[in-house]
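Notes for the structure review
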Amino acid sequence: MALYDWKDDYSVGVARFDNHHKRLFDIANQLHEMMKLGKGADVIEPTLRELVDYTRYHLTEEEKVMESIGYSNIVSHKMAHKVFTDQLNEAMAEVDAGKTIFVVIKIAKTVIDWLINHIYVIDKKYLPEMSAAGIR
Ligand SMILES: [Fe+2]
Ligand SMILES: [Fe+2]
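Residues numbered from 1 in each chain as written. Chains lettered and ligands numbered in written order. Predicted model: local features only at pLDDT ≥ 70, side-chain atom pairs only at ≥ 80, totals over all residues. Heavy atoms only, no water.

Turning our eyes to something else, we now look at the environment of Ile119. Within the fold, Ile119 resides in helix H4 (residues 101-121). Expressed as a C-alpha distance, the spacing of Ile119 and Glu61, which sit 58 residues apart in the sequence, is 14 Å. Excluding residues within four positions of it along the chain, Ile119 makes contact with Tyr10, Val12, His21, Phe25 and Lys124. (Helix = DSSP H or I, 4+ residues; strand = E, 2+ residues; numbered from the N terminus. Contact = heavy atoms within 4.5 Å.)

The subject of this paragraph is the packing of helix H1 (residues 15-36) against helix H2 (residues 41-69). The N-to-C vectors of H1 and H2 enclose an angle of 165 degrees; their axes lie 10 Å apart at closest approach. On the basis of their axis angle, the class for H1 and H2 is roughly antiparallel. In this structure, H1 meets H2 at a crossing whose hand is left-handed. Per-class residue counts for the contact of H1 with H2 are 14 nonpolar, six polar and five charged. (Axes fitted to C-alpha atoms, helices over the stretch in contact; angles between N-to-C directions. Parallel < 35°, antiparallel > 145°, perpendicular 65-115°, else oblique. Left-handed = near helix turned anticlockwise from the far one by under 90°. Nonpolar A, V, L, I, M, F, W, Y, C, P; charged D, E, K, R; others polar.)

At the metal site, the iron ion (ligand 1) is ligated by His21 (NE2), His58 (NE2), Glu62 (OE) and Asp123 (OD), and these contacts range over 2.0 to 2.2 Å. Around the iron ion (ligand 1), the four donor atoms are arranged such that angles at the metal cover 84 to 171 degrees; this shape is classified as irregular. Here the iron ion (ligand 1) and the iron ion (ligand 2) are spaced 3.7 Å apart, and both take Glu62 as a donor. Taken together, the residues span a long stretch of sequence, with His21 in helix H1 and His58 in helix H2 at a distance of 37 residues. Classification of His21 by relative accessible area gives buried; the value is 0%. (Donors = N, O, S within 2.8 Å, 3.2 Å for Na, K, Ca; no water. Tetrahedral: all angles 85-135°; square planar, octahedral: opposite > 155°, others 65-115°. Buried < 20%, exposed > 50% of the residue type's maximum accessible area, 1.4 Å probe, protein only.)

Rendered as structure tokens:
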């Protein structure tokens, strides 16, 4: 059993975004597996980068759809994305400056925790409006 198991309870009611979120969970599990096996920073870093890149892509795609339906919570939702993206930029600069295993693991955990919490608390709020706008 993977550490970050997808549960139906995480569904945001939009298949495309559920698929994005599932992909993020998959990468998080790959990262966890590598950390468990004690892999070095050089092995883990490309997967961390993949998680970060896919996160950026996903946040942008979510914002485009929220904009297209005139989502009522868009300002605070985009702000949550921006605060996190700024943190990601800083974190990746830290990785670039010194790829120690400590830094890579710390950042991987921060990203995974943020994603799970964000999906469950913030993303799920758009479900009724997306559904009303016919986006599934
Ligand atoms: Fe999301
Ligand atoms: Fe989001």
